[in-house]
Amino acid sequence: MTPPNGKQREIDSALITRAAGLSRFARRLLAAQPDLLPPSAVAFAFSAEEMRAQLAAADTSSDALLMRALRELRKRVILRIIVRDLNGLATLNEVMTTVTALADLAIGTSVAHLERELEPQYGKPIGQEDGRPQILHVVAMGKLGGAELNVSSDIDLVFVYADDGETAGARPLSNHEFFIRMARRLIAILNEMTADGYVFRVDMRLRPLGSDGPLAVSFGMLENYFVTQGREWERYAWIKARVVCGDRAGELADLVRPFVFRRHLDYSAFESMRGLHQEIRREVERRDILDNIKLGPGGIREVEFIAQLFQLVRGGHEAPLRQPPTLKILPLLAERNLLPPAAVQELTAAYVFLRNLEHRLQYLDDKQTQALPAPDEDQALIAAATGHADFAALRAELDIHRANVTRQFENIFATTDNDVHPLAPLWHVEGTADRHAMLRELGYADPAHVLERIAAFRDSSRVRQMPQASHARMEHLVPQVIAAVAANRNPDATLERMLTLLESISRREAYLALLLQFPDAIRRGARLASASPWAAHYLSRHPILLDELLDVRSLHTPPVWPQLQAQLRSRLDQAGDGSEAQMDALRHFKHAQTLHLLAQDLAGELPLEKLSDHLSALADLILAEVLRIAWRGIRTRHREEPLFCIIAYGKLGGKELGYASDLDLIFLYDDAAPEAPENYARLAQRINHWLTSVTAAGALYETDLRLRPDGASGLLVSPIAGFAEYQRSQAWVWEHQALTRARAVAGDMAIGRRFDEVRAEFLCSPRERTALRDEVVTMRETMLAAHPNASGQFDIKHDRGGLIDVEFIVQFLILGYANQHAALIGNIGNLALLKLAAGLGLIGTDDAQAAHDAYRRFRKLQHALRLQGDKYARVDAATLGAESAAVKKLWDAVMKDAPARP
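Residues numbered from 1 in each chain as written. Predicted model: local features only at pLDDT ≥ 70, side-chain atom pairs only at ≥ 80, totals over all residues. Heavy atoms only, no water.

Considerations on the overall build of the protein chain
When helices and strands are tallied, the protein chain shows 38 helices and 14 strands. Each of the three principal axes of the protein chain carries a C-alpha extent, and together these read 110 × 80 × 65 Å. Split into buried and exposed, the 902 residues of the protein chain put 54% on the buried side. As displayed, the protein chain has an accessible area near 37900 Å², and 52% of this comes from carbon and sulfur atoms. Averaging the coordinates of the 106 positive side-chain charges in the protein chain and doing the same for the 116 negative ones gives two points 1 Å apart. (Helix = DSSP H or I, 4+ residues; strand = E, 2+ residues; numbered from the N terminus. Buried < 20%, exposed > 50% of the residue type's maximum accessible area, 1.4 Å probe, protein only. Areas by Shrake-Rupley, 256 points an atom, 1.4 Å probe, with all protein chains shown as cover. Lys, Arg positive; Asp, Glu negative; His and termini not counted. Charge placed at Lys NZ, Arg CZ, Asp CG, Glu CD.)

Laid out in structure tokens, this is it:
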């Protein structure tokens, strides 16, 4: 620290004098100890390193000496904070982190001191389960846990130790008794008021069982408490838990996390948080402290409640939302579209203003207060300390911030309508209402059947066995669903689908709470269910997707795949390698993006070809991430990045993927390392496992790996050279047909380019067209025989004149003529290839256009039928008579005339 010149010393001294004029506490400190704050120190924040150095220089060999040293340090730290803050030299973050660092140091130093004091008397505590030495874990809660402590705050602590057992000394104690003795002395060191003051007031009421519970508990006792007695408000309190000292903080965090953060999206938190806030409001009114800037309307607590609500709801799925500090959570709410950016800006500005005001109230007399002062003198001091002309100006700005917080709070926590719904008689058996007339008026075609279905649902075992709270939610929910469904064109069928959805979530209280809290989700879900039985079934299988219906903007925003991949990668990395959480994160991501595309599709916003492009891009992205994390899980991996590539065939290879398409894949590598074959075989197995395993979140994709060399009997992974040799000497014509729609989708793209070269080599090889035609026709007949159709309807995919005929025509043209027209091997899709073939003179222009239009209509109709839940894409033959005839005509022209083409 460079000594200041005379002028600078005068400036620093003036800053101290100004601060003393605004803080009676600072004035008292300086009057008693004029040298407590050297002017030269004003320019610098009080760092944790400086605190440790000052404490190390003091005699702390006994409880009394340590208490004196800590209190002396607190005076120096708080005085410098006051001077810096009141002169605009310190930010809010500096104030909070400095006081937090002081508390952390005081706790850690005191625990280390008490270990030195107690262990010689009783011995070191030893765990009975693993024989390991035990250490007291001090868990900071509240503002200390969030590293946002204020200058005159209590510190909320919980004391925990890992395992029961006893000390290994001449006078053994149980670990429980040992740590309780340590806890009592620790509280006294920090909390006791002496001639030197105190360090921090200690509040232990957040421990299990509160004031009635033991001062220290084992990990096992804490876990049992959470499972058997933990209350909703304690989940809220433990969000900010942070281990200040202890050697097994990770284990403790793993124990706490399932209690605080649910695996599912926990929308029941709205109701519990709303109830907790109402209790606080009643207490504020009872005590007549509405002007309290922490607990009163629009105060600090309401901002914290908003942040913590989203943490409770979504923290189980989104690790960044588990961070304790409020000012780190608020911007995440805007980034993740959970709150509008303008709302977050208002809340952040209000929080900073309120916390700065809170500090100035406490600077007056070092009291833990958040109440606005009544005396004129104090009001004038606070106004000057906040930079306002007078207290009225301060009050005006305060009122604006509190009004903003209140508005945002009420927007988020608005109570759901608990009044009796006009359609409630449709749920209840008793009453005299004309239920049939009510349903007819709403537009239902068969009221009698609808009432039977509602009654069957109400009386089903799943509904009857619901807990009372969930049953009450369902009672309020069903009338809203009936009303929302009535706004659609097919209410009878849509209600059936929506009741199936409700049945699937009947035991998931959080999803019932979500729908009650956000009625727009009911309306959007009903629209999807009305448009598509498949969509309704998808929602029922993956009810977590109800959360995606809350924000219509993001639901209908076209995907930007690089951004989405970055988001997915971040979530996967936060979940931890090889964990079930990673599997679920992949599945939730895939299902969410599928729902977004489905909503845009049903709204007519996506042409089918564009939809297929997006679904294919989604699969490419998933494969890339699965490959990345699967390789990280190979313990014997011999290189940082695998020389390995995933090749897609079929629908994914041709970028014509549908919602439920499986993935035709092969795996190639180009690596001379001796470990390569075994490691890459393991990698392929892991990739397939990650794709196909069914977890609570479902599966990613079904896969078909039979297109690899030698099919199901061949090796799962092939070296690129071996793959090329197989194509050259052993591959059947049908395998070369499959190669027409193949591309590298993930992994090492140098191998992907080598694959493209091999593909080009064999697709462009000269072939005798008569023999080729016979092979293609024979394969087509084999496929036709494998899919008999006795329905009397036209099967869009399999029947003659359908989709497969067009695909075989294109494949024949590629294999027969690519040696002369290399452009044919471009992976541009069947529609573009038909036009290209016509442009090259290989097929007639009119025939090509007719088949092109037929193929497009086939795919659209097939897609529409799948969305309606049809098992087979079949229609009355007359519906597609002209299109089928056009395809058959082109088939005859190409297959019968193949050898004559140039």
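Regarding the pairing of strand 8 (residues 644-649)
Burial runs high along strand 8: 6 of the 6 residues are buried. When strand 8 meets strand 9 (residues 663-669), the two strands line up antiparallel, connected through 6 bridges. Paired with Phe644 across the bridge in strand 9 is Tyr669. (Pairing = 2+ DSSP bridges.)

Some points on the pairing of strand 1 (residues 124-127)
Only one face of strand 1 is buried, namely the one carrying Pro125 and Gly127, since none of Lys124 and Ile126 on the opposite face is buried. As paired elements, strand 1 and strand 4 (residues 165-168) share 4 bridges and run antiparallel to each other. In the strand pairing of strand 4, Lys124 is matched with Ala168.

Some details on the side chain of Lys294
Topologically, Lys294 is positioned in the loop between helix 11 (269-286) and helix 12 (300-314). The buried charged residue Lys294 lacks any salt bridge partner; its closest oppositely charged side chain belongs to Glu358, at an N-O distance of 5.8 Å. (Salt bridge = Lys/Arg side-chain N within 4 Å of Asp/Glu carboxyl O.)

So, the packing of helix 12 against helix 16 (residues 391-413)
Viewed as axis vectors pointing N to C, helix 12 and helix 16 meet at an angle of 30 degrees, and their least axial separation amounts to 10 Å. For helix 12 against helix 16, the interelement crossing comes out left-handed. Here Glu302, Val303, Phe305, Ile306, Leu309 and Phe310 of helix 12 come into contact with helix 16, specifically with Val405, Thr406, Gln408, Phe409, Ile412 and Phe413. Of the residues contributing to the contact of helix 12 with helix 16, the split by class is 9 nonpolar, 2 polar and 1 charged. (Axes fitted to C-alpha atoms, helices over the stretch in contact; angles between N-to-C directions. Left-handed = near helix turned anticlockwise from the far one by under 90°. Contact = heavy atoms within 4.5 Å. Nonpolar A, V, L, I, M, F, W, Y, C, P; charged D, E, K, R; others polar.)

Brief notes about the environment of Ala57
Summarising the element assignment, Ala57 is placed in the loop between helix 3 (48-56) and helix 4 (63-86). For the pair Ala57 and Ala69, spaced 12 residues apart in the sequence, the C-alpha separation amounts to 9.4 Å.

Points about the pattern of salt bridges
Under the criterion given, the structure shown has 61 salt bridges. The partner of Asp573 in a salt bridge is Arg632, with the nearest N and O atoms 3.2 Å apart. Taken together, the residues span a long stretch of sequence, with Asp573 in helix 26 (residues 561-575) and Arg632 in helix 28 (residues 608-632) at a distance of 59 residues. Of the residues examined, Asp573 reaches a relative accessible area of 38% and is grouped as partly exposed. Take Arg632: its relative accessible area is 26%, and that puts it in the partly exposed class.

Description of the packing of aromatic side chains
All told, the structure shown has 20 aromatic pairs when counted by the stated rule. For the pair Phe409 and Phe413, a centre-to-centre distance of 4.4 Å together with 20 degrees between the ring planes defines the contact as stacked. Taken together, the positions of Phe409 and Phe413, both in helix 16 and 4 residues apart, correspond to about one turn of that helix. Of the two residues, Phe409 and Phe413, neither departs from the other in class, the shared state being buried. Ring geometry for Tyr669 versus Tyr680: centroids 5.1 Å apart, planes at 40 degrees, classification tilted. (Phe/Tyr/Trp six-rings, centres within 6.5 Å; stacked < 30°, edge-to-face > 60°.)

Section: unusual backbone geometry
One non-glycine residue, Leu209, adopts positive backbone phi at about 70 degrees. Its location among the elements puts Leu209 in the loop between strand 5 (202-203) and strand 6 (216-218). Here Asp366, not a glycine, exhibits a phi torsion of approximately 55 degrees, which is positive.

Some words on helix 27 (residues 580-602)
Compared with the 33 Å implied by 1.5 Å per residue over 23 residues, the 32 Å span of helix 27 between its first and last C-alpha is a close match. One or two positions beyond helix 27, positive phi appears at Gly604, with a value near 75 degrees. (Expected span 1.5 Å × (residues − 1).)

With respect to the confidence of the model for the protein chain
When the pLDDT values of the protein chain are averaged, the result is 92; 97% of them are 70 or greater. Long-range and interchain partners of residues 898-902, a stretch whose pLDDT sits below 50, account for 15 contacts in this model, where long-range means more than four residues apart. (pLDDT = per-residue confidence, 0-100.)

Considering the side chain of Asp795
One can find Asp795 in strand 13 (residues 794-795). From its side chain, Asp795 meets the backbone nitrogen of Lys797 in a polar contact 3.0 Å long. Leave out the neighbours within four places in its chain, and Asp795 touches Asn789, Ala873 and Arg874. (Polar contact = N/O pair within 3.5 Å; in protein donor to acceptor, adjacent residues only side chain to side chain.)

What about the packing of helix 31 (residues 720-729) against helix 33 (residues 749-763)?
Running from N to C, helix 31 and helix 33 point in directions that differ by 10 degrees, and their axes come no closer than 10 Å. Judged on the interaxial angle alone, helix 33 and helix 31 are roughly parallel. Touching Ile720, Phe723, Ala724, Gln727 and Arg728 of helix 31 are Arg754, Phe755, Val758, Glu761 and Phe762, all from helix 33. Of the residues that constitute the contact of helix 31 with helix 33, the class distribution is 6 nonpolar, 1 polar and 3 charged. (Parallel < 35°, antiparallel > 145°, perpendicular 65-115°, else oblique.)

Focus on the environment of Ile828
As for its position among the elements, Ile828 is in the loop between helix 35 (803-817) and helix 36 (830-839). Judged by relative accessible area, Ile828 falls into the partly exposed class, the value being 47%. The contact partners of Ile828, leaving out residues within four places of it in the chain, are Leu833 and Leu836.

Some details on the state of the cysteines
Every disulfide links exactly two cysteines, by a covalent bond between their sulfur atoms. Under the definition given, this model contains 0 disulfides. The thiol sulfur of Cys645 is not disulfide-bonded, and the nearest other cysteine sulfur, from Cys764, lies at 20 Å. For Cys645, a relative accessible area of 0% puts it in the buried group. (Disulfide = S-S within 2.5 Å.)

A closer look at helix 11
For helix 11, built from 18 residues, the straight-helix expectation of 26 Å at 1.5 Å per residue is met to within 8% by its first-to-last C-alpha distance of 26 Å. Taken as a whole, helix 11 has its buried residues at Ala269, Phe270, Met273, Arg274, Leu276, His277, Ile280 and Val284. End-on, the buried residues of helix 11 take up no more than an arc of 165 degrees, which puts them together on one face. Away from its buried face, by an angle of more than 90 degrees, helix 11 presents the exposed residues Arg282, Glu285 and Arg286. Buried positions along helix 11 lie against helix 9 (232-238), helix 12, helix 16 and helix 22 (509-517). Looking one or two residues past helix 11, Asp288 carries a phi angle of roughly 55 degrees, positive in sign. (Arc of directions from axis to C-beta.)

Describing the environment of Val77
Tracing the backbone shows Val77 in helix 4. Spatially, the C-alpha atoms of Val77 and His591 are 52 Å apart, while their sequence positions differ by 514 residues. Apart from the residues within four sequence positions on either side, Val77 is in contact with Phe46, Met51, Thr98 and Leu102.

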